[in-house]
Amino acid sequence: MAKTTKTGKGKSTGAKSTARKPAASPAPGSSAPAIDIGIGNADRKKIADGLSHFLADAYTLYLKTHNFHWNVTGPMFNALHVMFETQYTEQWTALDDIAERIRALGFNAPGSYAEFIKLSSIPEEPGLSDIPDWKEMVRQLTVGNEAVCRTARKVLKTADDAGDDPTVDLLTQRLQTHEKYAWMLRSLLQ
C-alpha cells in the first residue's frame, strides 16, 4: 500500500509503507539453509507464538517493577526500593534470553510497546498521574508474577509436547524465579 510519509522536517517523501508482520527466518528467497533443529515448523511456530506472549508478560512486569522502584513511597520505601531494583534487574537480563529463544526457533521476537500491549495478559500501569501506594504496588507485582507463571506454564506444555528441551529449561527457570518473587511479595502483605 502506498502511503505518503513526512520526514522529520515536515516534508513528504512519497515513500511506500508496508505493514510489518512477525516473520520466520530465514526469509523466503534467502540463501541461508532452512531451520532443521529436530522440531517441525508448525511446532516451532506454536512455541514461538507462546514465547512471544510470555515475553510480552515478562516485559510488562519488568516495566511495572521498574516504575514502582522509581515511585514507591511510604514507610516501606527503602526495603521496597531495593527489592524492586533487584527484581527488575534480574528480569531485564531474562528478557534477552526469551527473545533469543524465539529467534533460535526461527521467528522474529516482538519488541515494541504496541506489540507487547497486544500480547500481554498484564495490564499496563497508568503511570505518573496515578501511582498506587506501596501496598497496591506489592499486590500488583504479586499478581503480575503469577500471571507470568500462568503464561509460562502454557508455553512449557507446548514446548514439552514438541520435545523442545531448551525452551522447557528456560521456562522452568523463569517459573522458579517468578514463583519466588510472588511468594516474597505476598509475604509483605500478610
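Description of the structure in this document. (Residues numbered from 1 in each chain as written. Predicted model: local features only at pLDDT ≥ 70, side-chain atom pairs only at ≥ 80, totals over all residues. Heavy atoms only, no water.)

1. Re the layout of surface pockets
Thought 1: A volume near 250 Å³ is recorded for the second largest pocket.
Thought 2: Taken together, 15 residues form the lining of the second largest pocket, with T60, L63, K64, E124 and E125 sitting closest to its centre.
Thought 3: Of all the secondary structure elements, the ones that give two or more residues to the lining of the second largest pocket are α1 (41-71) and α3 (113-119).
Thought 4: For the lining of the second largest pocket, the leading source of residues is α1, giving 6 residues. (1 Å grid on protein atoms, 1.4 Å probe; cavity = no way out; pocket = protein on both sides within 12 Å on 5 of 7 lines; lining within 4 Å. Points joined across faces, edges and corners; volume = space filled by probe spheres on them. Helix = DSSP H or I, 4+ residues; strand = E, 2+ residues; numbered from the N terminus.)

2. Let's talk about the pattern of salt bridges
Thought 1: Enumeration over the complete set of coordinates arrives at 7 salt bridges.
Thought 2: Of the charged contacts in the structure, one is a salt bridge between R186 and E146, with a shortest N-O distance of 2.0 Å. Taken as a pair, R186 in helix α5 (residues 165-189) and E146 in helix α4 (residues 134-161) lie far apart in primary sequence, 40 residues in all.
Thought 3: Judged by its relative accessible area of 27%, E146 falls in the partly exposed class.
Thought 4: Among the salt bridges present, the one from K157 reaches D161, with a minimum N-O distance of 3.1 Å. Pair noted here: K157 and D161 are both in helix α4, with a separation of 4 residues, about one helical turn.
Thought 5: For K157, a relative accessible area of 52% corresponds to the exposed category. (Salt bridge = Lys/Arg side-chain N within 4 Å of Asp/Glu carboxyl O. Buried < 20%, exposed > 50% of the residue type's maximum accessible area, 1.4 Å probe, protein only.)

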